[in-house]
Amino acid sequence: MSVTITRDNLKQETDNEITVIDFWAPWCGPCKIMDPVLENLETQYDGQIHFGKMNVDQNQDIAEQYKVMSIPSLVIFKNGKATEKVTGVYPKEKLASYLDKKLAEVKAAN
């Protein structure tokens, strides 16, 4: 299960080769659609990609910092730095293909 990200653990939780943080809210219907997709991907990429969730209602300043204007949004961190953002609902296959490319980029850089 993905880690709950807050301002207190953000730096620590993004200190990985790749971290995906799901910016969401409990009232967001599309966020609920993405939950099982992300849970499945978390299992699929266990040990390769770190997954977390940040509630935008409780962390509006952090969401603004990463220019999250609509949810669900996934912010991709590479070695602690936010590098990309994906907004909206995506099928598992499309997100998996995207994450495969991000893993290949990290491996190529190492």
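The rules we used
- Residues numbered from 1 in each chain as written.
- Predicted model: local features only at pLDDT ≥ 70, side-chain atom pairs only at ≥ 80, totals over all residues.
- Heavy atoms only, no water.
- Axes fitted to C-alpha atoms, helices over the stretch in contact; angles between N-to-C directions.
- Helix = DSSP H or I, 4+ residues; strand = E, 2+ residues; numbered from the N terminus.
- Parallel < 35°, antiparallel > 145°, perpendicular 65-115°, else oblique.
- Left-handed = near helix turned anticlockwise from the far one by under 90°.
- Contact = heavy atoms within 4.5 Å.
- Nonpolar A, V, L, I, M, F, W, Y, C, P; charged D, E, K, R; others polar.
- Buried < 20%, exposed > 50% of the residue type's maximum accessible area, 1.4 Å probe, protein only.
- Pairing = 2+ DSSP bridges.
- Right-handed = clockwise from strand over helix to strand, strands pointing away.

Engineer: Can you walk me through the packing of helix α2 (residues 29–44) against helix α4 (residues 92–109) in this structure?
Structural biologist: For any two helices packed against each other, the geometry is given by the interaxial angle and the distance between the axes. Direction vectors running N to C along α2 and α4 enclose 45 degrees, while the axes themselves pass 10 Å from each other. One finds that α2 runs oblique with respect to α4. As α2 runs across α4, the sense of the crossing is right-handed. Contact residues: Met34, Val37, Leu38, Asn40, Leu41 and Gln44 in α2; Lys92, Leu95, Ala96 and Leu99 in α4. Classifying every residue of the contact of α2 with α4 gives 7 nonpolar, 2 polar and 1 charged.

Engineer: Looking at this structure, how should I read the pairing of strand β3 (residues 50–55)?
Structural biologist: A regular strand carries its side chains on alternate faces of the sheet. Judged by how many residues are buried, β3 sits mostly within the fold: 5 of 6 residues are covered. When strand β1 (residues 3–4) meets β3, the two strands line up parallel, connected through 2 bridges. When the bridges of β3 are listed, Val3 appears paired with Gly52. Where strand β2 (residues 18–24) meets β3, 6 bridges bridge the pair, whose relative direction is parallel. If you follow Phe23 over to β3, its bridge partner there is Met54. Running through α2, the crossover from β2 to the neighbouring parallel element β3 is right-handed.

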